[in-house]
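Per-entry structural report
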Amino acid sequence: MPSPHLRSPLSRRGFLTASAGTGAALGLTALPARAAGGPRPFGRYGSPAARLSPATLYVDPHGRGDFTTVRAAVTAATGSGRTLVLAPGTYRETVSVDATRAGMTWIGAGDDPRDVVVVFDNAAGTPKPGGGTYGTTGSATTTVRADGFTAHRITFANDWLRADHPEITGTQAVAIKVMGDRSAFHHCRFLGHQDTLYADTNALTVFARQYFHRCYVEGDVDFVFGRATAVFERCHFRTLDRTDLAAAPYGFVLAPSTAGANPLGYLVTRSRITSEAPDGHYKLARPWVPSSDPTARPSLVVRDTWLGPGIDAAAPYTDMSDAFPWQNQRFAEYRNTGPGARVTVPGNRPQLTPEQARSATRAAYLGDWQPWKEAAC
């Protein structure tokens, strides 16, 4: 996402420091080799010798599974309906799930999403080995184009830092880009700074439904963005502090780019937004109308959600471009609470009526797909 006024380096945050090839990334420690007779790295998911099904592949960075990298397992998992069980550890790599691998499931075998981390550190402005730069989409640590993708208890991260690369102005650094329809994430974490979670579609004319349940997302600039029809239920959004900026705004939580023909964009419900930054230093959202789709009409509903003091209550929305003012887009709230939800200036935060709110539900957004009914892994 463009941010010409947010180019300065950001001080390194401790949990985002990383040593390639170890579990030290994101504050984790390396997983020791299992002693003879010790517990299996896959816990209740068994082992390659006693697998869940022939369609299940086991990944362990220490060689105790079928593969040591997620990328190798995805390459081997041809066809549809394959399951990857990821042992605790840090997988420092980029991974892409193409459209032919529909119905794929990734299961983190730890008890917490912090136990399994997929991380890399490309930014939009990072030079590519063959010339040019990666761009926003190319910066993604994980890319999912397939329909029916599901992930449980996994951290997706991009630990590229502005402070380490002051020469790079393309500071977008995506942790995951999701484009497939019926994509679900349960108890996952998404870590980054600018453009952390790219909830998008495979084409302008394709609508993609996505569901994020009890997930944690953090960042600073437009860190949840894209044109998907996405429901965020009982999620935690956290805005980061910045030492490179002296004045607000430090950044923006949401930047939908919903296609004009799509009646439904982002729905945030029963969630919370907290902040490490000073009070009032973040905007709740701004509309993204990309040059590739000038007819986009970004759509966002935030309802029944606690907004902390980090959100600018007096002016929670702002423009990304003067040509597309936020007031002309589809932004609305309903029954939000917290200091960042106070209506201090009439007209600055449109509210749904009770009748409109009855249509702003996960069922209305996701239709015949009901991922919340899936059994928890």
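Reading guide: rules and limits
- Position labels on residues start from 1 in each chain and follow its written sequence.
- Per-residue local features are limited, in this predicted model, to residues with pLDDT of at least 70; the limit for side-chain atom pairs, both in listing and counting, is 80 or more; totals at the level of whole chains, interfaces and linings are taken over all residues.
- Water and hydrogen atoms were dropped before computing side-chain values, which therefore reflect all heavy atoms in the structure.
- The set of buried Ala, Val, Leu, Ile, Met, Phe, Trp, Tyr and Cys residues whose side-chain atoms join them within 4.5 Å is what this entry labels a nonpolar core.
- Accessibility here uses a 1.4 Å probe with only protein chains present; expressed as a share of the type maximum, an area under 20% marks a residue as buried, one over 50% as exposed, and anything in between as partly exposed.
- The contact criterion used is simple: two residues touch if any of their non-hydrogen atoms lie within 4.5 Å.
- Secondary structure elements follow DSSP: runs of H or I of four or more residues count as helices, runs of E of two or more count as strands, with numbering from the N terminus.
- N or O atoms closer than or at 3.5 Å make up a polar contact, with two conditions inside protein: a donor-capable atom paired with an acceptor-capable one, and, for residues adjacent in sequence, both atoms drawn from side chains.
- By definition here, a salt bridge exists when the distance from a side-chain nitrogen of Lys or Arg to a carboxyl oxygen of Asp or Glu is within 4 Å.
- Being paired, for any two strands, means DSSP has found at least two bridges between them.
- One confidence number per residue, pLDDT, is output by the predictor and ranges from 0 to 100.
- Under the pairing criterion, centres of Phe, Tyr and Trp rings, with the six-membered ring standing for Trp, must be within 6.5 Å; the plane angle then separates stacked pairs below 30 degrees from edge-to-face pairs above 60, leaving the rest tilted.
- Working rule: Lys NZ or Arg CZ, within 6 Å of ring centre, within 35 degrees of ring normal, means a charge sits over the ring.
- In this analysis an axis means a line fitted to C-alpha atoms, helices contributing only their contacting stretch, and an angle means the value between N-to-C directions, from 0 to 180 degrees.

The next thing to look at is the nonpolar core. Membership of the largest hydrophobic core comes to 65 residues, with the highest contact counts inside it found for Leu 84, Trp 106 and Phe 185. Non-local contacts of Trp 106, meaning those with residues more than four positions away in its chain, are made with Val 70, Val 74, Leu 84, Val 95, Val 97, Thr 142, Phe 149, Thr 150, Ala 151, His 152, Ile 154 and Phe 156. Core analysis: the second largest hydrophobic core is formed by 13 residues, Ala 184, Val 231, Val 301 and Tyr 365 among them.

Let us look at the side chain of Asp 312. Its place among the elements puts Asp 312 in the loop between β24 (306-307) and β25 (330-334). The exposure class of Asp 312 is buried, given its relative accessible area of 19%. Looking at Asp 312, its side chain comes within polar contact range of the main-chain nitrogen of Ala 314, at 3.2 Å. What Asp 312 contacts, discounting residues up to four positions off in sequence, is Gly 280, Tyr 282 and Lys 283.

Attention now goes to the pattern of salt bridges. Using the criterion set out here, one finds 21 salt bridges in the structure. Ionic pairing is found between Arg 92 and Asp 121, a salt bridge with its closest N-O pair at 3.5 Å. Of the two residues, Arg 92 sits in strand β3 (residues 89-92) while Asp 121 sits in the loop between β6 (116-120) and α2 (135-138), which places them 29 residues apart along the sequence. Given a relative accessible area of 30%, Asp 121 falls into the partly exposed group. The closest approach of N and O atoms between Asp 312 and Lys 283, which form a salt bridge, is 2.9 Å. In this pair, Asp 312 sits in the loop between β24 and β25 while Lys 283 sits in strand β22 (residues 282-285), placing the two residues 29 residues apart along the sequence. Of the two residues, Asp 312 and Lys 283, both sit in the buried class. A network of salt bridges, in which partner residues are shared, links Asp 181, Arg 182, Arg 209 and Asp 368.

Pairing in this open sheet of eight strands is parallel, and the strands run β3-β6-β9-β12-β15-β18-β21-β24 from one edge to the other. For this open sheet the edge positions go to β3 and β24, each flanked by a neighbour on one side alone.

Turning next to the confidence of the model for the chain. With 89% of its residues at a pLDDT of 70 or more, the chain shows a mean pLDDT of 90. Counting interchain partners and residues more than four positions distant, the pLDDT-below-50 stretch residues 3-38 has 88 contacts.

What follows covers the pairing of strand β16 (residues 221-226). Taken across its six residues, β16 has six buried, putting it largely inside the fold. Relative to β16, strand β13 (residues 197-199) is paired through two bridges, and the arrangement is parallel. Counterpart to Tyr 198 in the pairing with β16 is Phe 225. The pairing of β16 with strand β19 (residues 251-256) spans four bridges and is parallel. Looking at β19, one finds that Val 224 is bridged to Leu 254.

Right, let's get into the packing of aromatic side chains. Throughout the structure, instances matching the rule amount to 19 aromatic pairs. Seen from their ring centres, Phe 149 and Phe 185 are 5.8 Å apart, and the 45 degrees between their planes marks the pair as tilted. Pair noted here: Phe 149 is in the loop between β7 (142-144) and β8 (150-152) and Phe 185 is in strand β11 (residues 183-186), with a separation of 36 residues, a long-range link. In this structure Phe 149 comes out as buried when scored by relative accessible area, which is 0%. The class for Phe 185 is buried, based on a relative accessible area of 0%. One aromatic cluster in this structure is built from Trp 106, Phe 149, Phe 156, Phe 185, Phe 190, Phe 212, Phe 232, Phe 237 and Tyr 266. The lysine or arginine in question, Arg 286, covers the ring of Phe 252, its NZ or CZ lying 3.9 Å from the ring centre.

Now for the pairing of strand β23 (residues 299-303). Judged by how many residues are buried, β23 sits mostly within the fold: five of five residues are covered. Where burial is concerned, the two faces of β23 agree: the one with Ser 299, Val 301 and Arg 303 and the one with Leu 300 and Val 302 are both buried. Pairing geometry for strand β20 (residues 266-269) and β23, over four bridges, is parallel. When the sheet's bridge partners are listed, Tyr 266 is paired in β23 with Leu 300. Here β23 pairs with β25 via five bridges, running parallel.

Strand order in this open sheet of seven strands is β4-β7-β10-β13-β16-β19-β22, and the pairing throughout is parallel. Every interior strand has two partners, whereas the edge strands, β4 (95-97) and β22, have only one. The average undirected angle you get between the axes of adjacent strands in this sheet is 10 degrees. In terms of strand pairing, β4 meets β7 through three bridges, oriented parallel. Across the sheet, Val 95 pairs through a bridge with Thr 142, a residue of β7.

Here the focus is the environment of Gly 135. Here Gly 135 lies in helix α2. C-alpha separation for the pair Gly 135 and Val 174, spaced 39 residues apart in sequence, amounts to 9.9 Å. Other than its neighbours up to four places away in sequence, Gly 135 contacts Ala 123 and Ala 124.

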